[in-house]
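Per-entry structural report
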Amino acid sequence: MGKVIFNSDDFGYSYGVNYGIVDAYQRGILTSTTLMANMPGFEHAVKLKKELPNLGVGVHLTLTCGKPLLKNVDSLMEGDRFKHLSYYKQPFEVDGDQLYQEWNTQIQKVYRAGIIPTHLDSHHHTHTFGMNQEVVVALAKKYDLPVRGNFERKEEVRHTDYFEPYFDDVGETNVEKRQIDCSINEYLDRLISVLREERTIEIMCHTAYLDQDLLNGSSFVYPRINQVEFLIHSDFAQQVKRDSLIELVTYKDI
């Protein structure tokens, strides 16, 4: 039997993102999310989580979106904000201690809000880049938390046996923008087989409702809305619910 985590990134990004995540959890097959401690929707997300005790909430370590929580992390900043993702798409150098302190502060903020995190991952997968891996491994060991296993040093931490990175494509109506090399139906058929056969699985997704913050701040918008509907109403969602070989869980259960 596969223990399956459907995790939506970006909890705390904005009210619209938060409400989309909560709807996909309450009405659909979403089980988990990861929280951005530095974004404007953080307090709203915390309030929603406290009304949903069984929603798994991890920390979405942030390095490329919004402003850092600390002031003395100049190597991570451009002006008063985090550096753009493009900085990390090439050979880069940041102060490892500054990165550790900033990400540690983000984790601590989640704990102080009364949430015990289930796991760690990162916005734009920045924990998978270069020396950033060393920092996330150290933090995972400090807090005894699993980490999304899409990076080279995953064997040093707890992680799921299988990570599915392409589920966002179920919300993408433009075929040319999809990452998969087959039809959606073929992809979903293959995925169902994985969910039955692997022991533990994380499926990454991005669910949200559209608001001005998301529209102005992200280039990935409308597929998020479609994913909310898919996780609630699709035949795939109903099949996952009914399948006796698939158990919907959070990172607390692995």
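Let me sum up the structure you'll find in this document. Small disclaimer: the values here were computed from a predicted structure and weren't measured.

Time to look at the overall build of the protein chain. For the protein chain, the helix and strand inventory stands at 8 helices and 9 strands. What you see for the protein chain is a C-alpha radius of gyration of 17 Å, in line with the 18 Å of a compact globule of 254 residues. On the principal axes, the C-alpha backbone points of the protein chain span a range of 50 × 40 × 40 Å. Counting only residues that meet the buried cut, the protein chain has 58% of its 254 residues in that class. Here the protein chain displays about 11,500 Å² of accessible surface, and carbon together with sulfur accounts for 47% of that area. Each charge sign in the protein chain was given a centre, from 27 positive and 37 negative side chains, and these centres are 5 Å apart.

What follows covers the packing of helix H1 (residues 15–27) against helix H2 (residues 42–50). The interhelical angle for the contact between H1 and H2, taken along N-to-C directions, is 20°, at an axis separation of 9 Å. By the angle between their directions, the pair H1 and H2 is classed as roughly parallel. The chirality of how H1 crosses H2 is right-handed. Between H1 and H2, the contacting residues are Tyr-15, Asn-18, Tyr-19 and Val-22 on the first element and His-44, Ala-45 and Leu-48 on the second. The residue makeup of the contact of H1 with H2, split by class, is 5 nonpolar, 2 polar and no charged.

By size, the foremost hydrophobic cluster in this structure holds 73 residues, and its most contacted members are Phe-6, Leu-35, Leu-120, Phe-167, Leu-195 and Phe-236. Ignoring sequence-local partners within four residues, the contact set of Phe-236 consists of Phe-6, Ile-29, Phe-167, Leu-188, Leu-191, Ile-192, Leu-195 and Phe-230.

The residue Glu-43 is located in helix H2 in this model. Each C-alpha atom of the pair Glu-43 and Asp-235 lies 34 Å from the other, and the pair is 192 residues apart in sequence.

Looking now at a negative patch on the surface. The grouping of Asp-74, Glu-93, Asp-95 and Asp-97 at the surface amounts to a negative patch. Here Glu-93 lies in the loop between strand E5 (81–82) and helix H3 (96–112). Looking at Glu-93, the relative accessible area reads 65%, which means it is exposed.

All told, the structure shown has 12 salt bridges when counted by the stated rule. Here Glu-247 ties to Lys-3 by a salt bridge, and the two come within 3.1 Å at their closest N and O atoms. Residue Glu-247 is located in strand E9 (residues 246–248), and its partner Lys-3 is located in strand E1 (residues 2–11); the two are separated by 244 residues in the primary sequence. Two residues, Asp-80 and Lys-67, come together in a salt bridge whose shortest N-O distance is 3.3 Å. Within this pair, whereas Asp-80 is found in the loop between strand E4 (77–78) and E5, its partner Lys-67 is found in the loop between strand E3 (56–61) and E4, the two being separated by 13 residues in sequence. Accessibility expressed as a relative area gives 41% for Lys-67, which makes it partly exposed. Through salt bridges with shared partners, a single ionic network connects Asp-9, Asp-121, Arg-148 and Glu-202.

Given two aromatic rings, one states the distance between the centres and the angle between the planes to describe the pair. Here the structure, examined in full by the defined rule, presents 10 aromatic pairs. The interplanar angle of 70° and the centroid separation of 5.8 Å between the aromatic rings of Phe-167 and Phe-230 together place this pair among those described as edge-to-face. Here Phe-167, found in the loop between strand E7 (162–164) and helix H5 (184–197), pairs with Phe-230, found in helix H7 (residues 222–233); they are 63 residues apart in sequence, far enough to count as distant. Following the ring pairs from residue to residue traces out a cluster consisting of Phe-6, Phe-167, Phe-230 and Phe-236. When the ring centre of Tyr-87 is taken as reference, the NZ or CZ atom of Lys-83 above it lies at 3.9 Å. If you follow Lys-109 out to its NZ or CZ, it ends over the ring of Phe-42, 4.5 Å from the centre.

Analysis parameters
Residues numbered from 1 in each chain as written. Predicted model: local features only at pLDDT ≥ 70, side-chain atom pairs only at ≥ 80, totals over all residues. Heavy atoms only, no water. Helix = DSSP H or I, 4+ residues; strand = E, 2+ residues; numbered from the N terminus. Rg over C-alpha atoms; globule rule 2.2 N^0.38 Å. Buried < 20%, exposed > 50% of the residue type's maximum accessible area, 1.4 Å probe, protein only. Areas by Shrake-Rupley, 256 points an atom, 1.4 Å probe, with all protein chains shown as cover. Lys, Arg positive; Asp, Glu negative; His and termini not counted. Charge placed at Lys NZ, Arg CZ, Asp CG, Glu CD. Axes fitted to C-alpha atoms, helices over the stretch in contact; angles between N-to-C directions. Parallel < 35°, antiparallel > 145°, perpendicular 65-115°, else oblique. Left-handed = near helix turned anticlockwise from the far one by under 90°. Contact = heavy atoms within 4.5 Å. Nonpolar A, V, L, I, M, F, W, Y, C, P; charged D, E, K, R; others polar. Core = buried A, V, L, I, M, F, W, Y, C linked by side-chain atoms within 4.5 Å. Patch = residues over 30% accessible without salt bridge, like charges linked within 9 Å, V, L, I, M, F, W, Y side chains within 5 Å. Salt bridge = Lys/Arg side-chain N within 4 Å of Asp/Glu carboxyl O. Phe/Tyr/Trp six-rings, centres within 6.5 Å; stacked < 30°, edge-to-face > 60°. Lys NZ or Arg CZ within 6 Å of the ring centre and 35° of its normal.

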